[in-house]
Amino acid sequence: MFEGQYDHAVDPKGRVAVPSAFRRDLAGGSVISIGPEGRLVIWPTPTWEMHLRSLPVTAGTPAEQRIYLRQVHARTREVELDAQGRLLLSQPHREFAGIAERATFVGMGEYVELCSTERWEIDSAQVTSDFFTELTDRINPTGAVAPPSAPS
């Protein structure tokens, strides 16, 4: 289970240290790909394979799903950590996520998100206590989003 938020420097070659809390579960085989909202996603290989099996491509696959899968597969690569526990981010991945000098890892349960620290700080600043309370009230325990409540 991946939890927590960690900020790390990115060196001029595009290497970033993977948080020690995540290394054990990622070092045994992982992939990195593009994700929503300008983020990269890092999945342990078995979890990634289960995710992809839930999105098969068949003759009847809708065009939107084919486009999504085409882009995801084209922009996915295996993760290899060096002896210091660093991950080399490709230039296209860094550009997609806007990562330059600093990157933020966020544990998302079954996978890890990675984005620029600047993006993380901007997004986090928008999550006020009132907004978080409203969001919490809209999300039920099964993860389904309830419609926003009508103003009183």
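Residues numbered from 1 in each chain as written. Predicted model: local features only at pLDDT ≥ 70, side-chain atom pairs only at ≥ 80, totals over all residues. Heavy atoms only, no water.

Caption draft 1: Quick look at the pattern of salt bridges. A complete count under the given rule lists four salt bridges for this structure. With a shortest N-O distance of 2.6 Å, Arg 15 and Asp 11 are connected by a salt bridge. The shortest N-O distance in the salt bridge between Arg 39 and Glu 113 comes to 3.3 Å. Of this pair, Arg 39 sits in strand E4 (residues 39-44) while Glu 113 sits in strand E8 (residues 112-116), and the two are 74 residues apart along the sequence. Take Arg 39 and Glu 113: they sit in the same class, and that class is buried. Here the salt bridges share partners, and the residues they tie into one network are Arg 39, Glu 113 and Asp 123. (Salt bridge = Lys/Arg side-chain N within 4 Å of Asp/Glu carboxyl O. Helix = DSSP H or I, 4+ residues; strand = E, 2+ residues; numbered from the N terminus. Buried < 20%, exposed > 50% of the residue type's maximum accessible area, 1.4 Å probe, protein only.)

Caption draft 2: Summary view of the sheet that holds strand E1 (residues 5-9). Strand order in the open sheet formed by six strands is E1-E7-E8-E4-E3-E5, with antiparallel pairing between adjacent strands. Either end of the sheet is taken by a strand with one partner, and the two such strands are E1 and strand E5 (77-79). Strand-to-strand twist of the sheet, defined as the mean angle between neighbouring strand axes without regard to direction, takes the value 30 degrees. Inspection of the sheet shows E1 paired to strand E7 (residues 102-107) by five bridges, in the antiparallel sense. If you follow Gln 5 over to E7, its bridge partner there is Val 106. Helix-sheet contacts for helix H2 (residues 45-53) involve strand E3 (30-35) and E4, and the interaxial angle to E4 is about 110 degrees. Packed on one face of the sheet, helix H5 (residues 117-125) meets E1, E4, E7 and E8 and runs near 100 degrees to E8. (Pairing = 2+ DSSP bridges. Axes fitted to C-alpha atoms, helices over the stretch in contact; angles between N-to-C directions. Contact = heavy atoms within 4.5 Å.)

Caption draft 3: Molecular detail of the packing of aromatic side chains. Scanning the model with the defined rule gives four aromatic pairs in all. Ring plane angle 85 degrees and centroid distance 5.3 Å describe the contact between Tyr 6 and Phe 22, whose orientation is recorded as edge-to-face. In this pair, Tyr 6 is assigned in strand E1 and Phe 22 in helix H1 (residues 20-27), connecting sequence segments 16 residues apart. Relative accessible area serves as the criterion here: at 28%, Tyr 6 is assigned to the partly exposed category. (Phe/Tyr/Trp six-rings, centres within 6.5 Å; stacked < 30°, edge-to-face > 60°.)

Caption draft 4: Representation of a negative patch on the surface. On the surface, Asp 7, Glu 101, Glu 118 and Glu 121 cluster together into a negatively charged patch. Mapped onto the elements of the fold, Glu 121 is located in helix H5. (Patch = residues over 30% accessible without salt bridge, like charges linked within 9 Å, V, L, I, M, F, W, Y side chains within 5 Å. Areas by Shrake-Rupley, 256 points an atom, 1.4 Å probe, with all protein chains shown as cover. Lys, Arg positive; Asp, Glu negative; His and termini not counted. Charge placed at Lys NZ, Arg CZ, Asp CG, Glu CD.)

No statement about biological role is implied by the geometric values presented.
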